[in-house]
Amino acid sequence: MLVPGRTAAELDIWGRAAWVLALLIGIVALFLTPPASFVLAGVSLAAIVSAVVLGLRSSRVVKLEKDAGYSTLFDFAGYELRNPRTKELLRAAEVAPANLGRRSVLRSMLTVKPGTVLAKRLEGDE
């Protein structure tokens, strides 16, 4: 059974967009004179609150989707992967995920890649 309403992926995207909008409005508010800057600061605060609410709703929907046996945001092993907008089946639960998870940029920068000069030096030190 599919969870009715917006998917976790849609809520996540809207939440991220609200964070970016709040940041941009806040930066613009810093460069304006006091009456306009106060108004934009209020709008920025409202965007931050919206982003937090959307993030909380997304987390709740992720749990509901996981309880229903599928996900629209993460590619979990043992769960169906569904399209974020149409909720069509993209990958069955029995099929292993093709991508074993996203790696952070910082983690990939700190990881020694096989075949590089540093990897060969480290092999020689052992």
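Residues numbered from 1 in each chain as written. Predicted model: local features only at pLDDT ≥ 70, side-chain atom pairs only at ≥ 80, totals over all residues. Heavy atoms only, no water.

**Q** Even after reading the chapter, I still don't get the packing of aromatic side chains, so can you show me in this structure?
**A** Where two aromatic rings form a pair, the distance of their centres and the angle of their planes describe that pair. As enumerated under the stated definition, the model contains two aromatic pairs in all. Judged by centre distance (5.5 Å) and plane angle (45 degrees), the rings of Phe74 and Phe76 are tilted. Residue Phe74 is classed as partly exposed on the basis of its relative accessible area of 34%. The class of Phe76 is partly exposed, set by a relative accessible area of 25%. Between Phe76 and Tyr79, the aromatic rings sit 5.8 Å apart at their centres with planes inclined by 65 degrees, giving edge-to-face as the arrangement. (Phe/Tyr/Trp six-rings, centres within 6.5 Å; stacked < 30°, edge-to-face > 60°. Buried < 20%, exposed > 50% of the residue type's maximum accessible area, 1.4 Å probe, protein only.)

**Q** Explain the sheet that holds strand β2 (residues 80-82) here, please?
**A** The strands making up a sheet are joined through hydrogen bonds of the backbone, oriented either antiparallel or parallel. As summarised here, the arrangement of the three strands in space is β1-β2-β3, forming an open sheet in which the pairing is mixed. Each of the sheet's edge strands pairs with one partner strand only, and the pair in question is β1 (70-71) and β3 (89-91). Direction of pairing for β1 relative to β2: parallel, over a ladder of two bridges. Across the sheet, residue Ser71 finds its bridge partner in β2, namely Leu81. (Pairing = 2+ DSSP bridges. Helix = DSSP H or I, 4+ residues; strand = E, 2+ residues; numbered from the N terminus.)

**Q** Whenever I open this one, the nonpolar core confuses me. Can you help?
**A** A general trend in soluble globular proteins is that nonpolar side chains are found buried together. Ala8, Leu11, Leu54, Val61 and Val62 form the largest nonpolar core, which has five residues in total. Every element with two or more residues in this core is listed here: α1 (8-30) and α2 (34-68). Ranked by residues supplied to this core, first place goes to α2 with three residues. With near-sequence residues (within four places) excluded, Leu54 lies in contact with Leu11, Trp14 and Gly15. (Core = buried A, V, L, I, M, F, W, Y, C linked by side-chain atoms within 4.5 Å. Contact = heavy atoms within 4.5 Å.)

**Q** I'm lost on the side chain of Asp12 in this one. Help?
**A** Topologically, Asp12 is positioned in helix α1. For Asp12, the side chain forms a polar contact with the side chain of Arg16, separated by 2.9 Å. Once residues lying within four places of it in the same chain are set aside, the contact partners of Asp12 are Ser58 and Leu73. (Polar contact = N/O pair within 3.5 Å; in protein donor to acceptor, adjacent residues only side chain to side chain.)

Just geometry here; none of it tells us what the structure is for.
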